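Descriptive analysis of the structure
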Amino acid sequence: MLIHIYLVKSVRYIFVTGGVASSLGKGVSIAAIGTLLESRGYRVTIQKMDPYLNIDPGTMSPYQHGEVYVTDDGSETDLDLGYYERFTNSPLSQINSVSTGQVYFTVIQRERKGEYLGRTVQVIPHITNEIKNRILLLEKNHPDIDFVLVEIGGTVGDIESVPFLEAIRQFRLDKGPDKTIFIHLTLVPSISPAGEVKTKPTQHSVKELLNQGIQPDILICRSKDYLDEEVKSKISLFCNIPVKRVISAPDIEHTIYEIPLIYNKEHLDNEIMEYFKMENTAPLFDANPTLEKWQSVVDVFKNPETVLKIALVGKYIALSDAYRSLREALWHGGLPGKSRVEFINIDSEQVTEDNVADLLSGAQGILVPGGFGERGIAGKLTTIRHARENKIPYFGICLGMQCAVIEFARNVLSMKDANSTEFNVDTQYPVIALMEDQASITDKGGTMRLGAYQAKLTEGSLIQKIYKSPEISERHRHRFEFNNRFRNDFMKSPMVISAVSLDDRLVEAVELPQSIHPWFVGTQFHPEFKSQPLKPHPLFVSFIDHARKVKLQT
Ligand code: GLN
């Protein structure tokens, strides 16, 4: 493997654009390319360019944008960064997530300081230069990296994408074609009922890119099935791309984790190597130990030994991307035990005392995820009570942990109307309250407790056994926390405070002892952000393992 690393003389840049339609899966696609490059021993980092004007998605509704992903350094980013971290070991921080808002903000601040020395400030060159600088920043911050992969968000043809496309066109001019490759992800639809495959949208999309001065070097074609040679030849001819660089990306049946394997079978990584004239002694699929591991992940999805149902009870259930990392982490949790996890999606606003048992009857585990605002809280509390009293494995994350504390205070510690001050500032029992340093904050963007913090685990607790470590580091995104005024009341109760911040000021996790409940854990942090298919997070593995035990008992 080291041999490959020495052969790379300088950083190569891979730009991925998308055409024809949005939501083709550019994020997963570029992440899968990262997997393949890493499986050859190269080091990669992946950057996302988002064309919207928000500085980051932190202030957007999950319905607008899916989940907000959080990196170790506390950046609130696009959920695609979650795919990057699940598929690769790419170092990710604030510089990996760029938005039009950030780019303009920087340029306008510079203009106000008079740094442009009287010149007219324009999209070209000032905005495009700022975009190029942000791409170059990755190489500067990670001098050992072999490949910088850049995903250009949006669809070619959108007004918002134009400055980014212009910037990468210039980037090729600056660095040369031997250091840059343009990969375009398009859609090749089939028209039912005959299933005839249509190449024209792809042709138009490539023309649109050409209008921006960009000729793609490789096309990845999303389609229902593998494209046959005739279709590939046609696309090759009209789009001016060698036929072997027209890559099929058929719909996957079982899991997105199959995508690196499909790309490998289509020789995408070989073509990238050949394009850059890099040594092409790729371990073929069968001899590549990393890809074998991915294959065993896919095998569990295809042929699981058990199928488990986990109830997800939250406010943003209708959009599966709103809890993207969580769903993925639950899948990962099933892998060691060869279980496939399926979800029972329950809108917390619909849960009542009367229907809770019915709604949750098929679930072997219950998870209440993070969230904001009072809507749906009553249903979450009812759900948690049901899980606690009926000894169904329960995992509460962030708001799900806070609700577990509220439910326990109300129904076990007889603190009538105990609540979080997020929902009722006048409650007599504010068991969850605003963190001190949050009280004076008025800005919404980037002001929560964000990113990785260390915590120490309580000796003898369930989560200490699960982590097999006295200290952990996990990511956070919250304003409210367990109120220390009530620590004593809880310490005297069966509920265990199982993790605290290193300075002991913040409660980071609670649990019920296994003598009274098989698996009941709430974490103030978000373990889902650190789970990978090849390295499932231990909390999710343990949770799913207990769900499996429930299934075996029934
Ligand atoms: N709304 C809660 C808080 O701000 C929980 C946040 C979350 O679940 N991410 O503390």
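Now for a quick tour of the structure. These numbers were taken from a predicted model, which means no experiment stands behind them.

**Section: the overall build of the protein**
A tally of helices and strands in the protein yields 19 helices and 23 strands. Its C-alpha atoms give the protein principal-axis dimensions of roughly 75 × 60 × 50 Å. Taken over 554 residues, the protein has a buried fraction of 59%. A separation threshold of at least 6 residues defines the contact pool for the protein, and within that pool the share at least 24 residues apart is 73%. Accessible surface for the protein amounts to roughly 23,200 Å². Of this, 51% is attributable to carbon and sulfur atoms.

**Here's the deal with the layout of surface pockets**
Put simply, the largest pocket is a space of about 1,000 Å³. Lining the largest pocket are 39 residues, and of these Ser-23, Leu-24, Gly-25, Lys-26 and Asp-80 lie nearest its centre. It is helix 2 (residues 26-39) that provides the largest number of residues to the lining of the largest pocket, a total of four residues. Here the residues of the lining of the largest pocket are counted per class, giving 16 nonpolar, 12 polar and 11 charged.

**Looking at the sheet that holds strand 15 (residues 394-397)**
Read across the sheet, nine strands follow the order 13-12-14-15-23-22-21-18-19 without closing on themselves; strand pairing throughout is mixed. Two strands in the sheet have a free side with no partner beyond their single neighbour: strand 13 (339-347) and strand 19 (471-478). Each neighbouring strand pair of the sheet contributes to a mean axis angle of 25 degrees, computed without reference to strand direction. With three bridges joining them, strand 12 (residues 306-314) and strand 14 (residues 365-368) adopt parallel strand pairing. The partner of Ala-311 across the bridge, within strand 14, is Ile-366. Against the sheet, helix 13 (residues 324-334) makes contact with strand 12, strand 13, strand 14 and strand 15, and its axis sits at roughly 145 degrees relative to strand 13, the strand it touches most. Across the sheet, helix 16 (residues 399-411) lies against strand 14, strand 15, strand 19, strand 22 (507-511) and strand 23 (520-523), angled at about 115 degrees from strand 15, the strand it touches most.

**Re the site of the ligand**
The local shell around the ligand consists of Gly-370, Gly-371, Phe-372, Cys-398, Leu-399, Gln-402, Glu-422, Arg-477, His-478, Arg-479, Phe-480 and His-526. One nitrogen or oxygen atom from the side chain of Glu-422 is found 2.8 Å from a nitrogen atom belonging to the ligand. In the environment of the ligand, an oxygen atom lies 2.8 Å from a nitrogen or oxygen atom belonging to the backbone of Phe-480. Out of a free accessible area of 300 Å², the ligand has 98% covered by protein chains. A per-class count over the shell around the ligand returns four nonpolar, five polar and three charged.

**Let's talk about the packing of helix 5 (residues 100-112) against helix 6 (residues 123-141)**
Each pair of packed helices can be summarised by the angle the axes make with each other and by the distance between the axes. Packing of helix 5 against helix 6 brings their axes to within 10 Å, and their N-to-C directions diverge by 120 degrees. Between helix 5 and helix 6, the angle falls in the class oblique. Crossing handedness for the pair helix 5 and helix 6: right-handed. Contacts from Gln-102, Val-103, Tyr-104, Thr-106, Val-107 and Arg-110 of helix 5 reach helix 6 at Val-123, His-126, Ile-127, Glu-130, Ile-131 and Arg-134. In terms of residue class, the contact of helix 5 with helix 6 is made up of six nonpolar, three polar and three charged.

**Points about helix 5**
In this model, helix 5 (13 residues) spans 18 Å end to end at C-alpha, consistent with the 18 Å of a helix rising 1.5 Å per residue. Regarding helix 5, the residues found buried are Thr-100, Gly-101, Gln-102, Val-103, Thr-106 and Val-107. Turning to helix 5, the residues buried within the fold contact strand 2 (44-50), strand 5 (97-99), helix 6 and helix 7 (162-175). A positive phi of about 80 degrees marks Gly-114, the residue just after helix 5.

**Topic: the pairing of strand 14**
Of the two faces of strand 14, the one lined by Gly-365 and Leu-367 and the one lined by Ile-366 and Val-368 are each fully buried. Judged from the three bridges that link them, strand 14 and strand 15 form a sheet pairing that is parallel. The partner of Val-368 across the bridge, within strand 15, is Gly-396.

**Structural notes on the side chain of His-126**
Considering the arrangement of structural elements, one finds His-126 in helix 6. The class of His-126 is buried, set by a relative accessible area of 12%. At a separation of 2.9 Å, a polar atom in the side chain of His-126 contacts the main-chain amide nitrogen of Gln-122. Contacts of His-126, omitting those with residues within four sequence positions, involve Val-107, Tyr-116, Thr-120 and Val-121.

Conventions adopted
- Residues numbered from 1 in each chain as written.
- Predicted model: local features only at pLDDT ≥ 70, side-chain atom pairs only at ≥ 80, totals over all residues.
- Heavy atoms only, no water.
- Helix = DSSP H or I, 4+ residues; strand = E, 2+ residues; numbered from the N terminus.
- Buried < 20%, exposed > 50% of the residue type's maximum accessible area, 1.4 Å probe, protein only.
- Contact = heavy atoms within 4.5 Å.
- Areas by Shrake-Rupley, 256 points an atom, 1.4 Å probe, with all protein chains shown as cover.
- 1 Å grid on protein atoms, 1.4 Å probe; cavity = no way out; pocket = protein on both sides within 12 Å on 5 of 7 lines; lining within 4 Å.
- Points joined across faces, edges and corners; volume = space filled by probe spheres on them.
- Nonpolar A, V, L, I, M, F, W, Y, C, P; charged D, E, K, R; others polar.
- Pairing = 2+ DSSP bridges.
- Axes fitted to C-alpha atoms, helices over the stretch in contact; angles between N-to-C directions.
- Near = heavy atom within 4 Å.
- Polar contact = N/O pair within 3.5 Å; in protein donor to acceptor, adjacent residues only side chain to side chain.
- Parallel < 35°, antiparallel > 145°, perpendicular 65-115°, else oblique.
- Left-handed = near helix turned anticlockwise from the far one by under 90°.
- Expected span 1.5 Å × (residues − 1).

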